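Structural features, examined
Chain residues, written in single-letter form:
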Amino acid sequence: AAPGSKTLECLELMREESNSDAGVVIANDADAERCFELLPLITRKARHAGTAVLLGSAAKFPAQFDGAGAQVLFDRIVCDVPCSGDGTLRRRPEEWKAWSPEFAQALHTKQLQILVRGLCLLKPGGRLVYSTCSFNPVENEAVVCAALARFQ
């Protein structure tokens, strides 16, 4: 998806749920170019003062603390992880030449790190969405099963 589409959707859902502009949305990306594309889009389309765009590794997303020193946890998290993109190859047939099962395998560890960090930042009873544009079970079911196994 284009930079910002999931962020804008999250903002809309938050507004529908609360019937106000209360709340905060933090969009994080490890790619500076995508962050620079996202910031004006959010400013122009969402016009929500409680939105921040951060540049950094999602697997190392820093803990946030309130004034009393308690860790701030999130109600909702979307982990849109880097993936092999095999789910989009029909639209981009030229990419078939570059795709390989080894590439998907290599992403598993990074995807798992991001998902585990997301789960650590989620409030009890909160919702987390794990998102890829891949059909590969190594990037989807295997990552989710490995993350869940760490919390049992």
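Residues numbered from 1 in each chain as written. Predicted model: local features only at pLDDT ≥ 70, side-chain atom pairs only at ≥ 80, totals over all residues. Heavy atoms only, no water.

Quick look at the overall build of the protein chain
We count it as follows: Put simply, DSSP H or I for four residues or longer makes a helix, DSSP E for two residues or longer makes a strand, and each gets a number counted from the N terminus. Only C-alpha atoms enter the radius of gyration; for comparison, a globular chain is expected to reach 2.2 Å times N to the power 0.38, where N is the number of residues. Here's how the labels work: a residue is buried when its accessible area is under 20% of the maximum for its type, exposed when over 50%, partly exposed in between, all with a 1.4 Å probe on protein chains only. The contact definition used throughout considers only heavy atoms, calling two residues in contact when any of these lie within 4.5 Å. Computed with the Shrake-Rupley method and a 1.4 Å probe, the accessible areas treat only the protein chains shown as cover for residues. For the purpose of charge, His is not counted, nor are the chain termini; Lys and Arg are scored as positive and Asp and Glu as negative. To locate a charge, take NZ of a lysine, CZ of an arginine, CG of an aspartate or CD of a glutamate.
Each helix and strand in the protein chain was counted, giving four helices and six strands. Along the protein chain, helices and strands appear, N-terminal first, in the series α-β-α-β-β-β-β-α-β-α. Here the C-alpha atoms of the protein chain give a radius of gyration of 17 Å, agreeing with the 15 Å that 2.2 N^0.38 yields for 152 residues. Projected onto its principal axes, the C-alpha coordinates of the protein chain cover approximately 50 × 40 × 25 Å. Counting across all 152 residues of the protein chain, residues that qualify as buried make up 33%. Counted over contacts in the protein chain with a minimum sequence separation of 6, partners at least 24 positions apart contribute 75%. Summed over all atoms, the accessible surface of the protein chain reaches about 9,800 Å², with 57% contributed by carbon and sulfur. The positive charge centre, built from 17 side chains, and the negative charge centre, built from 18, are 1 Å apart in the protein chain.

Some words on a nonpolar patch on the surface
Short version of the rule: For patch building, the residue pool is restricted to those with more than 30% relative accessible area and no salt bridge; the joining distance is 9 Å between like charges and 5 Å between nonpolar side chains (Val, Leu, Ile, Met, Phe, Trp, Tyr). A carboxyl oxygen of Asp or Glu within 4 Å of a side-chain nitrogen of Lys or Arg is what we treat as a salt bridge.
A grouping of V24, I26 and L54 is seen on the molecular surface, where their side chains present a nonpolar patch of about 230 Å² in accessible area. Position of V24 relative to the elements: it lies in the loop between α1 (5-18) and β1 (25-29).

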